[in-house]
Amino acid sequence: MKETVILDKKFMEMISGDEINKRIEEMAKEINRDFKGKEVVFLGILNGAFLFTAELFKKIDLKARISFVKLASYEGTRSSGSVKELIGWNEDIKGKVIIVLEDIVDTGHTLERIIGELTIRNVAEIKVATLLFKPKAYTKKIPIDYIGFEIPNDFVVGFGLDYDGYGRNLPSVYTLIK
Ligand code: 5GP
C-alpha cells in the first residue's frame, strides 16, 4: 500500500496514475465521438482541474479551444461575509458548446454556480466532465455527463487536488487515513 504524508496528515493511494491516465483516455474518446464535427470550448475550473484539463485536452481531436476560470473569494460589502466570484472569463462563449472540466464534484455547489454563470451568457449547450465524483455528497440535479471515477465521501488529494495547498503534484489520487 502506497502511503504519503502531507503536512500533518497521512494518505494512502486510492487510484493510481496509470488508472487515471487510462480513464482520461477513455473519457476523451467518448467526447471525441459525441462531438464529432462540432466546435467545442473546454472550460477548466482552477485550481484543481488544471492537470485533468491538460491530460484530457491533449487527447481531444475536435476543433477545440480552452479557457480557465477560477472561483475567488472576496470580502463583499455585505455583512454576511465572503462571496465567491468567478474570475478569468476571456472567451466569447455566446452560442458555443461548452464542456466544463472539474477535478471533483462533491456537494455540487461550485458546479451550480458555474452553470448559472454559463446560462446567463447564452451558451448553446453545456456538458460537464469531472475526474472524481462523490455521489453520496451530491445535492444537485445538474446531470454530470462524463465521470472519471465515483469515490466514497472521503477527503482526497493528488492529481491536481490539494490539502492546504500541497499535494497537487502527486500523480495518483490519495485518500485520507483516519
Ligand atoms: P462542491 O462545491 O462540489 O461541494 O466542491 C467542490 C470543490 O471542493 C472542489 O472543486 C474542490 O476544490 C473541493 N473539494 C471537494 N471535495 C474534495 C476532496 O475530497 N479533496 C480536495 N482536495 N478538495 C475537495
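Residues numbered from 1 in each chain as written. Predicted model: local features only at pLDDT ≥ 70, side-chain atom pairs only at ≥ 80, totals over all residues. Heavy atoms only, no water.

Asker: Explanation requested: the sheet that holds strand 2 (residues 9-15) in the structure shown.
Answerer: Each strand in a sheet pairs with another by means of backbone hydrogen bonds, the pair being arranged parallel or else antiparallel. Taken in spatial order, the four strands of this open sheet run 1-2-10-9, and their pairing is antiparallel. On the outer flanks of this sheet lie strand 1 (3-6) and strand 9 (156-157), each paired with one strand and no other. Of the pairings in the sheet, the one linking strand 1 to strand 2 comprises four bridges and is antiparallel in character. Within strand 2, the position partnered with Thr-4 by the bridge is Phe-11. (Pairing = 2+ DSSP bridges. Helix = DSSP H or I, 4+ residues; strand = E, 2+ residues; numbered from the N terminus.)

Asker: For this particular structure, what's the right way to read the packing of aromatic side chains?
Answerer: We describe a pair of aromatic rings using the distance from one ring centre to the other and the angle between the two ring planes. Taken as a whole and judged by the stated rule, the model has five aromatic pairs. Considering the side-chain rings of Phe-11 and Phe-155, the 6.4 Å spacing of their centres and the 50° angle between planes classify their relative orientation as tilted. Residue Phe-11 is located in strand 2, and its partner Phe-155 is located in the loop between strand 8 (146-150) and strand 9; the two are separated by 144 residues in the primary sequence. Pairing Phe-133 with Tyr-138 gives two aromatic rings, centres 5.2 Å apart and planes at 75°, and the pair type is edge-to-face. Summarising the burial analysis for this pair, Phe-133 and Tyr-138 share the class buried. Through a chain of ring-to-ring contacts, three or more aromatic side chains come together here, namely Phe-11, Phe-155 and Tyr-163. (Phe/Tyr/Trp six-rings, centres within 6.5 Å; stacked < 30°, edge-to-face > 60°. Buried < 20%, exposed > 50% of the residue type's maximum accessible area, 1.4 Å probe, protein only.)

Asker: Can you help me understand the nonpolar core in this one?
Answerer: Soluble globular proteins tend to pack their nonpolar side chains together in the buried interior. Counting residues in each nonpolar core, the largest one holds 27 residues, and the members touching the most others are Ile-31, Leu-56 and Leu-132. Elements supplying a minimum of two residues to this core: helix 1 (17-34), strand 3 (39-46), helix 2 (50-58), strand 6 (97-105), strand 7 (125-133) and strand 8. Considering every element that reaches this core, the biggest residue donor is helix 1, with five residues. In this view, Ile-31 contacts Phe-42, Leu-56, Ile-60, Leu-62, Ile-99 and Tyr-146; residues no more than four positions away in its chain are not counted. Counting residues in hydrophobic clusters, the runner-up holds 20 residues, among them Ile-93, Val-105, Leu-118 and Val-123. (Core = buried A, V, L, I, M, F, W, Y, C linked by side-chain atoms within 4.5 Å. Contact = heavy atoms within 4.5 Å.)

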